[in-house]
Every structure is written in structure tokens, then in C-alpha cells.
Amino acid sequence: QVQLVESGGGLVQPGGSLRVSCAASGIILRVYTMNWYRQAPGKQRELVATITSGSTTNYADSVKGRFTISRDNAKKMVYLQMNSLKPEDTAVYYCNAARFSEVYWGQGTQVTVSS
């Protein structure tokens, strides 16, 4: 059974940093493209960052230069380091694994940026 479990969310002040993590089980992580999505209240879910099986990364314009996605295939972990956080980064952050027609989602972790 495939499971993606996010952790590390919380409340942080504007300008602060936070790292969210995704622990994968039941899949061979190294063959999957891993993505972080987020969904703010009343908004559609949006793609934030991608890391391919070859570790090529891509970012939404809104987070470029502030967020870094990384993966540790041996530990079956994916990370999203978020720096210089803004109130508009407030959302539920979801981990996603994709390979051809296979897509898996985690349950999400809440990130709130507020003073």
C-alpha cells in the first residue's frame, strides 16, 4: 500500500523559514517525479515545486528563489525548504508522487504565515 505522509507544517512569521517533509512508503521513490502542491482557502490547488527522478527541479514563479525541493531516495523522503515566507504562502501543502498514469497524494500539512 502506497503512503505519502507530510509533516513539518506550522505557524511561522513573515520572513521566516520552514521545512516540510514527505515520507513515502510502498513505492520505489527513485523512479517517481515528486511534486509539492498547495491549496489556500477558496483557491484551486497549485503546483509549487517539482523534482524529477533525475533530480531536475522546477518551481512556480511565485516561489522561485525562496523555496527549494530536494529528495533522499535512500530514506524515501522529499523535502520542501521554504524561506522568506509571505502571508500568501499560507496553504495546505500536499506531497504528490507521479509516474506515467500512477499518481499518489498525501493528506497535507498546514502552513500558516502570520504575525
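A brief report on the enclosed structure follows. (Residues numbered from 1 in each chain as written. Predicted model: local features only at pLDDT ≥ 70, side-chain atom pairs only at ≥ 80, totals over all residues. Heavy atoms only, no water.)

**Points about the overall build of the protein**
Using the following cut-off: In this text, helices come from DSSP runs of H or I with a minimum length of four residues, and strands from runs of E with a minimum of two, each type numbered from the N-terminal end. In this setup the radius of gyration rests on C-alpha atoms only. A globule is expected at 2.2 Å times the number of residues raised to 0.38. Under the scheme applied here, a residue whose accessible area is under 20% of the maximum for its type counts as buried, over 50% as exposed, and between as partly exposed, the area being computed with a 1.4 Å probe on protein chains only. Contacts are residue-level and defined by heavy atoms, with any inter-residue pair within 4.5 Å sufficient. Accessible surface area values rest on a Shrake-Rupley calculation with a 1.4 Å probe, where residue burial reflects the displayed protein chains alone. Charge counting follows a simple rule: Lys and Arg are positive, Asp and Glu are negative, and His as well as the terminal groups are ignored. To locate a charge, the coordinates of NZ of Lys, CZ of Arg, CG of Asp or CD of Glu are taken.
The helix and strand inventory of the protein stands at zero helices and 11 strands. For the protein, the sequential pattern of α-helices and β-strands runs β-β-β-β-β-β-β-β-β-β-β. Here the C-alpha radius of gyration of the protein, 13 Å, is about what a compact globule of 115 residues would show, namely 13 Å. Principal axes of the C-alpha set define a box for the protein whose edges measure 40 × 25 × 25 Å. Residue burial in the protein is summarised as follows: out of 115 residues, 41% are buried. Contacts spanning at least 24 positions in sequence make up 53% of the contacts within the protein whose residues lie at least 6 apart. Surface exposure of the protein reaches about 6100 Å², of which carbon and sulfur atoms provide 47%. When the 12 basic and 7 acidic side-chain charges of the protein are each reduced to a single mean position, those positions are 5 Å apart.

**As for the sheet that holds strand 3 (residues 18-25)**
Two strands in a sheet stick together by hydrogen bonds in their backbones, pointing the same way (parallel) or opposite ways (antiparallel). Defined as follows: In this description, strands pair whenever DSSP reports at least two bridges between them. Lines fitted to C-alpha atoms define the axes, with helix axes restricted to the stretch in contact, and inter-axis angles between N-to-C directions lie between 0 and 180 degrees.
One open sheet holds the four strands; their spatial order is 1-3-8-7, and the pairing between them is antiparallel. The open sheet is flanked by strand 1 (3-7) and strand 7 (67-72), the only strands paired with a single partner. Each strand axis lies, on average, 15 degrees off the axis of its neighbour in the sheet, ignoring direction. Of the strand pairs in this sheet, strand 7 and strand 8 (residues 77-82) are connected by six bridges, and their pairing is antiparallel. Looking at the pairing, threonine 68 lines up with glutamine 81 of strand 8.

**Observations regarding the pairing of strand 4 (residues 33-39)**
Burial runs high along strand 4: five of the seven residues are buried. Pairing between strand 4 and strand 9 (residues 91-99): seven bridges, direction antiparallel. What sits directly across from threonine 33, in strand 9, is alanine 98. Across five bridges, the pairing between strand 4 and strand 5 (residues 46-51) is antiparallel. Looking across to strand 5, one finds that arginine 38 is bridged to glutamate 46. Between strand 4 and strand 5, which follow one another and run antiparallel, lie six residues, and glycine 42 among them has a positive phi close to 75 degrees.

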